[in-house]
Amino acid sequence: MRESLHFFTVDPTVTILEALKKIDSNTKGFLVVIDARGRAIGTITDGDIRRAFIRGKGVESGIDDVYNRNFTFLKSSDSIMTAAELFKNVSIKFLPIVDGAGVLVNIITKSQMQALLLLDIHADLSYDFRGLDERVMEQDAYQRPWGFYKTTVLNDYFQSKVISVRPNEQLSLQSHDRRQEHWIVAHGVGTVQVDESLIPVRRGSMVYIPRGARHRLTNTDDQESLIVVEVQIGEYFGEDDIVRYEDTYGRT
């Protein structure tokens, strides 16, 4: 068993308090219960412990009748797509991976599975999933004077965003040196300026923004937000790759 799995395993003889401390330390909300030979014999989650407290268990009670012996797992000989299929079950948040003798050899979580796919990493079940950058799944929404944007996918190949522009607001007239953009209007009406062209857009409209082109998005509606799905393709997607020429909010 690889050393990193120590943070996610527990002996069946420990107390609920000991299990809770370990769950709190690994921040993933679960542990795999293993026997003296390292075989996976069950799982325990913070939810299992919460339900044990409801039944009247105390922190010094053992986990023997708390942990789940009927758990879903993967064999090390399974494919990564077997994991993807199992994760379609919304109740499965993680999967222990065992060898032919039932010994725990790895663990994969649902968020790690999604990060693996979004980062286009080709791996088998021996991969060190703890090394994945799961922040690809945790992008915040960022407020701007004209509305907000939220990144939905960011990897080495592309970035996709949802952009929402409030009624009668507009983005700055800007260009990018290191990326091109493709816009699809999902809701509302407005205009897109691309260099000297002014293009009216509505739901279903698609606009291509070449690298280096001056462009601007404007919501022309008095009531509804203009919502655009943006896909960026290039070698760099940072917010500092913006050259502003005109801006309603004084950011030039």
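Here we summarise the structure given alongside this text. (Residues numbered from 1 in each chain as written. Predicted model: local features only at pLDDT ≥ 70, side-chain atom pairs only at ≥ 80, totals over all residues. Heavy atoms only, no water.)

1. Here we look at the packing of aromatic side chains
1) Next: Under the counting rule described, the total for this entry stands at five aromatic pairs.
2) Next: On the numbers, 5.6 Å between centres and 55° between planes, the contact of Tyr-127 with Phe-129 is tilted.
3) Next: When its relative accessible area of 28% is taken as the criterion, Tyr-127 is described as partly exposed.
4) Next: Note on Tyr-142 and Tyr-149: the rings are 5.4 Å apart at their centroids and 25° apart in plane angle, and the pair reads as stacked.
5) Next: Overall, Tyr-142 belongs to the partly exposed group, its relative accessible area being 36%.
6) Next: Since its relative accessible area comes to 7%, Tyr-149 is described here as buried.
7) Next: Pairwise contacts between aromatic rings join Phe-8, Phe-30 and Phe-94 into one cluster.
8) Next: When the ring centre of Tyr-67 is taken as origin, the NZ or CZ atom of Arg-69, which lies over that ring, is 4.2 Å away.
9) Next: Taking the ring centre of Tyr-245 as reference, the NZ or CZ of Arg-214 above it sits at 3.6 Å. (Phe/Tyr/Trp six-rings, centres within 6.5 Å; stacked < 30°, edge-to-face > 60°. Buried < 20%, exposed > 50% of the residue type's maximum accessible area, 1.4 Å probe, protein only. Lys NZ or Arg CZ within 6 Å of the ring centre and 35° of its normal.)

2. A word on a nonpolar patch on the surface
1) Next: Together, Ile-184, Met-206 and Val-229 line one region of the surface with nonpolar side chains, adding up to about 290 Å² of accessible area.
2) Next: Relative to the elements of secondary structure, Met-206 occurs in strand E14 (residues 206–209).
3) Next: Residue Met-206 is classed as exposed on the basis of its relative accessible area of 66%. (Patch = residues over 30% accessible without salt bridge, like charges linked within 9 Å, V, L, I, M, F, W, Y side chains within 5 Å. Areas by Shrake-Rupley, 256 points an atom, 1.4 Å probe, with all protein chains shown as cover. Salt bridge = Lys/Arg side-chain N within 4 Å of Asp/Glu carboxyl O. Helix = DSSP H or I, 4+ residues; strand = E, 2+ residues; numbered from the N terminus.)

Function cannot be read off these values alone, since they describe shape.
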